[in-house]
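# Structural overview for review
As a plain string of letters, each chain reads:
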Amino acid sequence: MDPSTEQVPRTRVTAGLRALRFDAGSLALNLIASLGRRGSTPIERLGTLDRLREWCDGVGLRLHDEAVTEELRTELRTLREAAYDVVAAVVHDRAPAAASIALLNDRARPAPPQPLLRATGTGVEVDGADRPLTGRELQATVVRDLIAVLGDPERRGALRACDSSLCTMIYLDPTPGRRRRWCSMRLCGNSAKAAKHRQRQASAAPAGS
């Protein structure tokens, strides 16, 4: 068979792999996790405007209806890659790109809405807590969350990359001793254990069987 015509195996993309992740430990890390399997063939989990709305719902943020645009989706993906560059630099002890730092600092500048207290005849209410965000306010909220993670020595020290070479998702490890190896025991952890089990069976099988 001509090697030039040989088919390259493709990653089987299941609904589970396309599912959004909300378990990375912070708002910014959840955005970074919207691109899956960075260690192999990347899987875009923020591929449509409906998925953008679903992601906002999942992280508890409300967007103005008019803010849900392809332009915002593109901007979020650009922000996502800059954020990944920075947190991966922390995890792997290297310097991030200067362009990533500049982009994140620029996107952090628009102040997110601040809820205010208001006295009423019967007590106190909070005004503005559920006000929908503009696209830039959403991005500022994400970047300020990232800055808060990196500025907290305990949380910064808890940043980990999944041991799965296919996944490499970055998450906050809250366990004592920081011994968690996978982004999810149910997902990558079980897959790794199943792969080791298959390897042991193959090694134990008689030659030629």
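Residues numbered from 1 in each chain as written. Predicted model: local features only at pLDDT ≥ 70, side-chain atom pairs only at ≥ 80, totals over all residues. Heavy atoms only, no water.

### Some words on the overall build of the chain
- Looking only at helices and strands, one finds eight helices and six strands in the chain.
- Each helix and strand of the chain, placed in order from N terminus to C terminus, yields the pattern α-α-β-β-α-α-α-β-β-α-α-β-β-α.
- Expressed as a percentage of its 209 residues, the buried residues of the chain come to 36%.
- Look at the contacts in the chain between residues 6 or more apart in sequence, and 59% of them connect residues 24 or more apart. (Helix = DSSP H or I, 4+ residues; strand = E, 2+ residues; numbered from the N terminus. Buried < 20%, exposed > 50% of the residue type's maximum accessible area, 1.4 Å probe, protein only. Contact = heavy atoms within 4.5 Å.)

### Comments concerning the nonpolar core
- By size, the foremost hydrophobic cluster in this structure holds 45 residues, and its most contacted members are Leu29, Trp55, Leu63, Leu104 and Leu138.
- Looking at this core, the elements with two or more residues in it are helix H2 (27-32), helix H3 (49-59), helix H4 (70-91), helix H5 (98-108), helix H6 (135-151), strand S5 (159-161) and strand S6 (170-172).
- Among the elements that line this core, the one with the most residues is H4, at eight residues.
- Among residues more than four places away in sequence, those in contact with Trp55 are Leu20, Phe22, Leu27, Asn30, Leu31, Leu46, Leu138 and Val142. (Core = buried A, V, L, I, M, F, W, Y, C linked by side-chain atoms within 4.5 Å.)

### Let's talk about the pattern of salt bridges
- Going through the model one piece at a time under the given rule, you end up with 16 salt bridges.
- A salt bridge links Arg51 to Glu54; its shortest N-O distance comes to 3.3 Å. Of the two residues, Arg51 and Glu54 both sit in helix H3, three residues apart, roughly one turn of that helix. (Salt bridge = Lys/Arg side-chain N within 4 Å of Asp/Glu carboxyl O.)

### What about the state of the cysteines?
- What the rule picks out here adds up to zero disulfides.
- Just so you know, Cys162 is unpaired, no disulfide at all, and the nearest cysteine sulfur is the one on Cys188, 3.8 Å from it. (Disulfide = S-S within 2.5 Å.)

### Section: the pairing of strand S4 (residues 123-127)
- Relative to S4, strand S3 (residues 116-120) is paired through five bridges, and the arrangement is antiparallel. Its bridge partner being in S4, Thr120 is matched across the sheet by Gly123.
- In this structure, the hairpin formed by S3 and S4 is closed by a connection of two residues. (Pairing = 2+ DSSP bridges.)

### Things to note about the confidence of the model for the chain
- Mean pLDDT over the chain works out to 87, with 84% of the residues at or above the 70 mark.
- Across residues 1-9, confidence stays below pLDDT 50; counting only partners more than four residues off in sequence or on other chains, it has two contacts. (pLDDT = per-residue confidence, 0-100.)

### A few points about the packing of aromatic side chains
- In this structure the tally under the stated criterion is zero aromatic pairs.
- Note that Arg38 overlies the ring of Tyr84, its terminal NZ or CZ placed 4.0 Å from the centroid. (Phe/Tyr/Trp six-rings, centres within 6.5 Å; stacked < 30°, edge-to-face > 60°. Lys NZ or Arg CZ within 6 Å of the ring centre and 35° of its normal.)

### Quick look at H3
- Those residues of H3 that sit buried are Arg51, Leu52, Trp55 and Cys56. Taken down its axis, H3 places every buried residue within 140 degrees of arc, on the same side. Facing away from the buried side of H3, by more than 90 degrees, are the exposed residues Asp50 and Asp57.
- In this fold, the buried residues of H3 make contact with helix H1 (15-18), H2, H4 and H6.
- One or two positions beyond H3, positive phi appears at Gly60, with a value near 80 degrees. (Arc of directions from axis to C-beta.)

### Some words on the packing of H4 against H5
- Where H4 meets H5, the closest approach of the two axes is 9 Å, and the angle between their N-to-C directions is 125 degrees. Classified by the interaxial angle, the pair formed by H4 and H5 is oblique. Between H4 and H5 lies a crossing of left-handed hand. On the side of H4, the interface is formed by Glu75, Thr78, Leu79, Ala82, Ala83, Asp85 and Val86, while H5 contributes Ser100, Ile101, Leu103, Leu104 and Arg107. (Axes fitted to C-alpha atoms, helices over the stretch in contact; angles between N-to-C directions. Parallel < 35°, antiparallel > 145°, perpendicular 65-115°, else oblique. Left-handed = near helix turned anticlockwise from the far one by under 90°.)

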